[in-house]
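Spelled out, the chains give:
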Amino acid sequence: MRLFVALAIPAEVRENLALLTRDLKSVDSHPKWINPDNLHVTLKFVGEVAPEKLMAIGDALADVRTQRQVIAEFRGIGFFPDERRPSVVWVGIQPSDILSILAAEVNRVLAIVAVPREEKTFVPHLTIARFRETRLSACLRDEIEKRKTRAFGTLAANEFHLIESKLKSSGAEYTTLRSFRFTPEDSKG
């Protein structure tokens, strides 16, 4: 099983990102544009695990708690690693400190059940396209530059999800296996 842990994206944000993707894809169809229905805020990529490990992973994730919900704004567009040799186009997430705390806590509890720790610094983002070749067309660069600081909406989350990813020729297919509330019942941002 190929698993990851993520926050769901609100419908309004998803719709705004669908419009953005449609507009950018009409300018340059060469990048592999991600289906907006498949967008999520990844807290931890778990990777391939044996099905018998699923229960232990779920039990560990059930212990994750924070003091308040995650509030984050989706804003801006950029590239990994950079504009000169892009491999990914991303939409930025202006997080509260709780988002980084939540990702660190997910990382910590999964290490207890032998899921390797993520050593890279957590950089919250949404991948909206992947480049097959590390080239950026001038017209796509111009369109992204026009939208560089645009806002796409806000997320307020009290729960995260353990998701299975099945890779298919038509693209990834995601199934939520379990959801976990991470805030106290009366918690607000």
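Structure: see above.
Counting starts from 1 at the beginning of each chain's written sequence and moves along it residue by residue. Note on the predicted model: pLDDT of at least 70 is required for a residue's local features to be given, and 80 or more for side-chain atom pairs to be given and counted; whole-chain, interface and lining totals, by contrast, use all residues. With hydrogens and water stripped out, all remaining heavy atoms of the structure feed into the side-chain values.

Asker: Explain the pattern of salt bridges to me, please; I cannot follow it from the model alone.
Answerer: Pairing is possible between side chains that carry opposite charge, provided their charged atoms lie close to one another. Any carboxyl oxygen of Asp or Glu within 4 Å of a side-chain nitrogen of Lys or Arg constitutes a salt bridge here. Counted according to the given criterion, the structure contains 11 salt bridges. Close ionic contact of D23 with R22 constitutes a salt bridge, the shortest N to O distance being 3.0 Å. With a 1.4 Å probe rolled over the protein chains alone, any residue whose accessible area is under 20% of its type maximum counts as buried; one over 50% counts as exposed, and the rest are partly exposed. Taking the relative accessible area as the measure of exposure, D23 reaches 26% and is therefore partly exposed. Of the residues examined, R22 reaches a relative accessible area of 53% and is grouped as exposed. E143 is paired through a salt bridge with R147; the nearest N and O atoms lie 2.8 Å apart. Both residues of the pair, E143 and R147, count as buried. Ionic contacts of the salt-bridge type, sharing partners, join the residues R22, D23, E143, K146 and R147 into one network.

Asker: Would you mind going over the side chain of T127 with me for this structure?
Answerer: A run of H or I in DSSP becomes a helix once it reaches four residues, and a run of E becomes a strand once it reaches two; helices and strands are each numbered from the N terminus. Within the secondary structure layout, T127 lies in strand β6 (residues 125-130). Given a relative accessible area of 17%, T127 falls into the buried group. Within polar-contact distance, the side chain of T127 engages the side chain of H125 at 3.5 Å. Polar contact criterion, stated in full: a pair of N or O atoms within 3.5 Å, where within protein one must be able to donate a hydrogen and the other to accept it, and residues adjacent in sequence count only if both atoms are side-chain atoms.

Asker: Honestly, the layout of surface pockets in this entry has me stumped. Any pointers?
Answerer: A probe as big as a water molecule, rolled over the atoms, marks out the empty space that is left. For the largest pocket, the calculated volume is near 1300 Å³. Surrounding the largest pocket, 37 residues form its lining, T42, F45, H125, T127 and R130 being those nearest its centre. At the level of secondary structure, the elements contributing two or more residues to the lining of the largest pocket comprise β1 (2-7), β2 (32-33), β3 (41-48), α3 (97-112), β6, β8 (159-168) and β9 (171-181). Polar here means any residue outside two lists: the nonpolar Ala, Val, Leu, Ile, Met, Phe, Trp, Tyr, Cys and Pro, and the charged Asp, Glu, Lys and Arg; Gly therefore counts as polar. When its residues are assigned to classes, the lining of the largest pocket shows 17 nonpolar, 12 polar and eight charged. Both cavities and pockets are sets of points on a 1 Å grid over the protein atoms alone; in a cavity a 1.4 Å probe fits but cannot get out, in a pocket the set is open with protein on both sides within 12 Å along at least five of seven lines, and lining residues sit with an atom within 4 Å of a point. Grid points are joined across faces, edges and corners, and a volume is the space filled by probe spheres set on the points.

Asker: Sorry, what's going on with the sheet that holds β8 here?
Answerer: Neighbouring strands of a sheet are bound in pairs by backbone hydrogen bonds; such pairs are parallel or else antiparallel. The pairing criterion for strands is at least two bridges between them, as found by DSSP. Taken together, four strands build an open sheet; the order of strands is β3-β1-β8-β9 and the sheet is antiparallel. The sheet is open, and its two edges are formed by β3 and β9, each paired on a single side. If you compare each strand with its neighbour and ignore which way they point, the axes differ by 25° on average. The sheet contact formed by β1 and β8 spans four bridges and is antiparallel. What sits directly across from A6, in β8, is H161. A contact between two residues is defined here by any heavy atoms of the two lying within 4.5 Å. Axis geometry follows a simple rule: fit a line to the C-alpha atoms, using only the stretch in contact for helices, then measure angles between N-to-C directions, giving values from 0 to 180 degrees. The sheet strands contacting helix α2 (residues 54-61) are β1, β3, β8 and β9, and the helix crosses β9 at an angle near 50°. The strands that α3 touches are β1, β3 and β8; relative to β3, the one it contacts most, it runs at about 20°.

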